[in-house]
Each structure stands twice: as structure tokens, then as C-alpha cells.
Amino acid sequence: VQLVESGGGLVQTGGSLGLSCAASGSTFSMNTMAWYRQAPGKQRELVAAITIGGGSTNYADSVKGRFTISRDKAKMTMYLQMNSLKPEDTAVYYCNARAYGSDPMDDNDYWGQGTQVTVSS
């Protein structure tokens with residue numbers, strides 16, 4: 001599975017940005033897709049996730065009500081609409097896809113190259 005992100009950039013506090021992640025390759029094996037982010041000096045954290053089949057979503061508490069994750073199954077593309085951005089949202093955002101194995105230890109994770117989001121105060 002290959003993941004290619006687009007979007008991101010520089011925005012002022014309160015502004016909006018959209019991210020996209022296009023998947024290719026053995027996408028039939030994918031079960032969920034997600035956005036993670038990593039700020040300088042911090043661990044990578046889950047921002048939002050979505051199941052490919054049913055479209056169920058979950059969000060980090062810090063982005064609930066501001067970010068919206070979605071996917072287009074036909075295009076195998078995932079999106080993240082980010083509104084009311086804050087300086088603390090500044091990070092490199094990574095696209096993730098997960099293929100479940102017979103056991104969680106056998107799950108396969110795939111990652112995009114990351115895209116920078118910078119929110120100026």
C-alpha cells in the first residue's frame with residue numbers, strides 16, 4: 001500500500017486547511033485509515049480515524065468539533081478538514097492505513113511521507 005498526502009501549509013489562527021491522502025496498491029487489504037500528527041519534541045498522536053467499510057469515525061478530544069475526517073471509497077482517498085485551527089495544531093500530519101491480521105500483533109501499518117501544518121498566532 002502506498003499513501004500520498006497533499007494539502008497542509010501555513011494558516012493563521014482560526015483559519016481552515018484540508019488534507020488529502022490517496023491510497024494505491026493493495027488497498028483491498030485496508031480496514032481503517034487515520035491521521036496522526038507529530039509536533040517537535042512530542043510523540044506521534046492519533047488525530048482521527050475512519051473505517052473504510054462503514055465510515056465509523058473517532059477523534060482525539062483536542063480536535064472534536066473542529067476537524068472532520070471522511071473517505072471516498074471509490075477513489076480510496078481520505079480527507080481531513082481542519083477548521084478553527086490553533087497554534088497547538090502545528091505539526092507534521094501523517095496518513096496511516098491499517099490492515100488487520102488474524103491477531104493484533106499481525107496488523108500491518110502503512111504510512112505517508114507527512115505534510116507540514118503550521119498555524120501562526
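See the structure printed just above.
Everything numeric here is computed off the predicted structure, so don't read it as measured data. (Residues numbered from 1 in each chain as written. Predicted model: local features only at pLDDT ≥ 70, side-chain atom pairs only at ≥ 80, totals over all residues. Heavy atoms only, no water.)

Student: Can you tell me about the overall build of the chain, naming the residues and giving the values?
Tutor: Counting its secondary structure elements, the chain contains zero helices and 11 strands. The helix and strand sequence of the chain, counted from the amino end, reads β-β-β-β-β-β-β-β-β-β-β. Relative to the compact-globule value of 14 Å for 121 residues, the chain shows a C-alpha radius of gyration of 14 Å, a close match. In terms of overall dimensions, the chain has a C-alpha envelope of 45 × 30 × 25 Å along the principal axes. Going through the 121 residues of the chain one by one, you find that 39% of them count as buried. Of the contacts made within the chain by residues no fewer than 6 positions apart, 52% connect residues no fewer than 24 positions apart. About 6300 Å² of surface is accessible on the chain, with carbon and sulfur atoms providing 49% of the total. Here the chain contributes 10 positively and 10 negatively charged side chains, and the mean placements of these two sets differ by 7 Å. (Helix = DSSP H or I, 4+ residues; strand = E, 2+ residues; numbered from the N terminus. Rg over C-alpha atoms; globule rule 2.2 N^0.38 Å. Buried < 20%, exposed > 50% of the residue type's maximum accessible area, 1.4 Å probe, protein only. Contact = heavy atoms within 4.5 Å. Areas by Shrake-Rupley, 256 points an atom, 1.4 Å probe, with all protein chains shown as cover. Lys, Arg positive; Asp, Glu negative; His and termini not counted. Charge placed at Lys NZ, Arg CZ, Asp CG, Glu CD.)

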